Amino acid sequence: MEKIIDESIQGQPLALEQNKENERKLFIESYGCQMNFSDSEIVASILSKEGFNTTQNLEDADLVLVNTCSIREKAEQTVRKRLEKYNAVKRINPKMKVGVLGCMAERLKSKFLEEEKIVDLVVGPDAYKDLPNLIEEVDAGRNAVNVILSKEETYGDISPVRLQSNGVSAFVSITRGCDNMCTFCVVPFTRGRERSRDPQSILEEIEDLANKNFKEITLLGQNVDSYLWYGGGLKKDFEKASDFQKATAVNFSKLLDMVAEKHPKIRLRFTTSNPQDMTLDVINVMARHKNICKYIHLPIQSGSDRILKAMNRLHTRQEYFDLIDNIKRIIPECAISQDIITGFPTETEEDHKDTLSLMEYVKYEYGFMFAYSERPGTLAERKLEDDVPEETKKRRLNEIIIAQRNHSEYRHQAFVGQTVEILIEKESKKSDQHWSGRTTQNTVAVFPKGDYKIGDFVMVHINECTSATLLGDAVGYSDNN
Ligand code: 5AD
Ligand code: SF4
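Residues numbered from 1 in each chain as written. Chains lettered and ligands numbered in written order. Predicted model: local features only at pLDDT ≥ 70, side-chain atom pairs only at ≥ 80, totals over all residues. Heavy atoms only, no water.

**Regarding the nonpolar core**
Link 1 in the chain: One finds L219, F252, L256, F270, M278, M286 and L298 to be the most contacted residues of the largest nonpolar core, which totals 49 residues.
Link 2 in the chain: Discounting chain neighbours no more than four positions away, the residues touching L298 are S273, N274, P275, M278, Y320, L323, I324, I327, I336, S337 and Q338.
Link 3 in the chain: Judged by nonpolar contacts, the second largest core, of 24 residues, contains L26, V123, Y128 and I158. (Core = buried A, V, L, I, M, F, W, Y, C linked by side-chain atoms within 4.5 Å. Buried < 20%, exposed > 50% of the residue type's maximum accessible area, 1.4 Å probe, protein only. Contact = heavy atoms within 4.5 Å.)

In structure tokens, the structure reads:
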């Protein structure tokens, strides 16, 4: 599962490039995971050819699209609230059309039209290429729905319109869907079967970003380590592939190696890794290339073997420790972050303590922690009672957050006194006199601006830290500029 930009709004994104001939205005916002943010860039690209430019003002929009998340109930509630806001605007501008994209569209399908009268258009994650036809329907005064999931669609042939980008970092999606079937997770139902994108089209997209001077690329997928290209087709059918297809297949470590080799000045990241799919080959490729960031997001969900099994996470606590030990042996400076769920059905105090002790062992750089939220249609919802009381889920969540804060501070302290390479991404939120950027380990660092600019690789001496941020002073350019 990829990392969630939790329940946040993208703000009012504006495309970096607008088509002067376009007359209609699109307001698009995204919730949930990075894949949604990346998909919105594909949607903006498809609609740019249909006469739409993006706008930052909801009030000006001819078409409002919201790219939605279903991962937890709260994420869905946030979207419903936004629909109320659109409704208020639609009262002033009745010609405005409203469309729902993404996981909620896929989960609720045409039910959306009954539940939310304001919605004109419902489009699932694999149906964006049908948007021109669907919009024609809506223009003709009819509601339109397409939620067909695909076994092939990767949007590899669409060149995304970069939305509200800093011009420094970009996402490139490499796989779609997920076959893992973790019992708590709605994603396999909303995003369908796992499929990989043609490496050629990935390389072309990255080449284009390199030519536009982008400095950091994150390869995206629900489960990147499971990437496998053998000429198209589902991963589960690989066994049936021809000898030639097998011999020329590209897996994730090969893809990573190819991209890193071709673009030595670009920082490469990837997310998300699943412990059971991550191979030593990937870790060795990371170690070989300076430009692959020394950071792995490696969700664990629970430290208890019993709960891991009930979650259908296909590894044990010990196997996870072995993987962590291997990562730290091969790349000692590698940062690791987690996703953890508290209060999964039947979780006892003992299980919770196992999670805390696992955290103590790994001492993650940071993490994304959630109370279990039962999702309709998942195996957990069908087979297990949501039996951990809300207060217990919250209390355990709190304990885990406190442990994580301590571990983050412990990890960040180790940077104090060191000089590290930072890629400048933006102005610090707290001060217009400071830049904000990240280390290779993905830790945020803030320092006085000097003469440096966004997109520069700078060496920064770290003077102090909090549990979230490193504070320092730039001492010169890094040799990566
Ligand atoms: N309840 C709570 N958290 C969930 N996640 C996925 N499904 C649920 C759920 N039903 C979390 C997992 C996953 C992250 C993206 O969201 O930790 O890794
Ligand atoms: Fe991630 Fe598991 Fe959900 Fe797949 S099923 S997206 S691996 S949490």
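**Some remarks on the sheet that holds strand β17 (residues 335-342)**
Link 1 in the chain: Spatial strand order, β16-β17-β18: three strands in an open sheet with parallel pairing. Edge positions in the open sheet fall to β16 (295-297) and β18 (366-371), since each of these has one partner strand only. Neighbour to neighbour, the strand axes of the sheet diverge by 10° on average, direction disregarded.
Link 2 in the chain: With six bridges joining them, β17 and β18 adopt parallel strand pairing. Along β18, the bridge assignment pairs T342 with A371. (Pairing = 2+ DSSP bridges. Helix = DSSP H or I, 4+ residues; strand = E, 2+ residues; numbered from the N terminus. Axes fitted to C-alpha atoms, helices over the stretch in contact; angles between N-to-C directions.)

**Brief notes about the pairing of strand β22 (residues 457-465)**
Link 1 in the chain: Judged from the five bridges that link them, strand β19 (residues 419-427) and β22 form a sheet pairing that is antiparallel. Among the inter-strand pairings, T419 is bridged to a residue of β22, identified as H461.
Link 2 in the chain: The pairing of β22 with strand β23 (residues 469-477) spans seven bridges and is classified as antiparallel. Considered in β23, the bridge of H461 is made with D473.
Link 3 in the chain: The antiparallel pairing of β22 with β23 creates a hairpin that spans three residues between the two strands.

**Focus: a negative patch on the surface**
Link 1 in the chain: Together, D305, E319, D322 and D325 give the surface a local cluster of negative charge.
Link 2 in the chain: The greatest single-element share of the negative patch, amounting to three residues, is contributed by helix α12 (residues 317-330).
Link 3 in the chain: As for its placement among the helices and strands, D322 is situated in helix α12. (Patch = residues over 30% accessible without salt bridge, like charges linked within 9 Å, V, L, I, M, F, W, Y side chains within 5 Å. Areas by Shrake-Rupley, 256 points an atom, 1.4 Å probe, with all protein chains shown as cover. Salt bridge = Lys/Arg side-chain N within 4 Å of Asp/Glu carboxyl O. Lys, Arg positive; Asp, Glu negative; His and termini not counted. Charge placed at Lys NZ, Arg CZ, Asp CG, Glu CD.)

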